[in-house]
Amino acid sequence: MRAEAPAGRVGVVLVSHSRAVAESAAALAGALVGTGDPAPVAPAGGLPDGSIGTSAELVRGAVATADEGAGVVVLCDMGSAVLTVKALLAEKEFATVRIADAPFVEGAVAAVVTASAGGDMAAVLAAADDARTYRKL
């Protein structure tokens, strides 16, 4: 009997209406990890032609890219990004994907840092959700 390979880290997908916003938030979150080995983070921004919008096709691809076997946490900016991800979550292939109810940038950083440190799905979701309470003053 062959033992299953251990699951990797929790992946993070950032869904925005803007490709530039998703890519920038992913780059920022990865850079702030500080270890040189961030957990997988994949942007899914805009439409395939580069215009503003949300694409289920791009979200599917980003989930596949970020999935190391320990699940994927998705952060969305607003509106149709959230609706698109909720529709995908209803599909069986997305059984290990969860959406975080978190602010986009702060939540992305918290999720990627926690996933990079080896946090499980619950810890990554909690870190992202907790970013809502980050005080600036």
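In case you missed it, the structure is sitting above this.
Residues numbered from 1 in each chain as written. Predicted model: local features only at pLDDT ≥ 70, side-chain atom pairs only at ≥ 80, totals over all residues. Heavy atoms only, no water.

(A) Focus on the overall build of the protein chain. Within the protein chain one finds 5 helices and 4 strands. Starting at the N terminus and walking to the C terminus, you meet the elements of the protein chain as β-α-β-α-β-α-β-α-α. By the compact-globule yardstick of 14 Å for 137 residues, the protein chain fits well, its C-alpha radius of gyration being 14 Å. Of the contacts formed within the protein chain by residues at least 6 apart in sequence, a portion of 76% connects residues at least 24 apart. On the protein chain, roughly 7200 Å² of surface is accessible, and the fraction owed to carbon and sulfur atoms is 59%. Of the side-chain charges in the protein chain, 10 are positive and 15 negative, and the distance between the mean point of each set is 3 Å. (Helix = DSSP H or I, 4+ residues; strand = E, 2+ residues; numbered from the N terminus. Rg over C-alpha atoms; globule rule 2.2 N^0.38 Å. Contact = heavy atoms within 4.5 Å. Areas by Shrake-Rupley, 256 points an atom, 1.4 Å probe, with all protein chains shown as cover. Lys, Arg positive; Asp, Glu negative; His and termini not counted. Charge placed at Lys NZ, Arg CZ, Asp CG, Glu CD.)

(B) The arrangement of the nonpolar core in detail. By size, the foremost hydrophobic cluster in this structure holds 22 residues, and its most contacted members are Leu-14, Val-73, Leu-75 and Ala-100. Looking at this core, the elements with two or more residues in it are strand S1 (11–16), helix H1 (19–31), strand S3 (72–76), helix H4 (104–116) and helix H5 (121–130). Among the elements that make up this core, the one with the highest residue count is H4 (6 residues). Excluding anything up to four places from it in sequence, Ala-100 contacts Val-73, Val-74, Leu-75, Leu-125, Ala-128 and Asp-129. Judged by nonpolar contacts, the second largest core, of 16 residues, contains Val-59, Ala-81, Val-85 and Val-97. (Core = buried A, V, L, I, M, F, W, Y, C linked by side-chain atoms within 4.5 Å. Buried < 20%, exposed > 50% of the residue type's maximum accessible area, 1.4 Å probe, protein only.)

(C) Structural context of helix H3 (residues 79–89). If you check which residues of H3 are buried, you get Ala-81, Thr-84, Val-85 and Leu-88. Buried residues of H3 fall within an arc of 95° about the axis and therefore sit on the same side. Looking at the buried side of H3, the elements it contacts are S1, helix H2 (56–66), S3 and strand S4 (97–99). (Arc of directions from axis to C-beta.)

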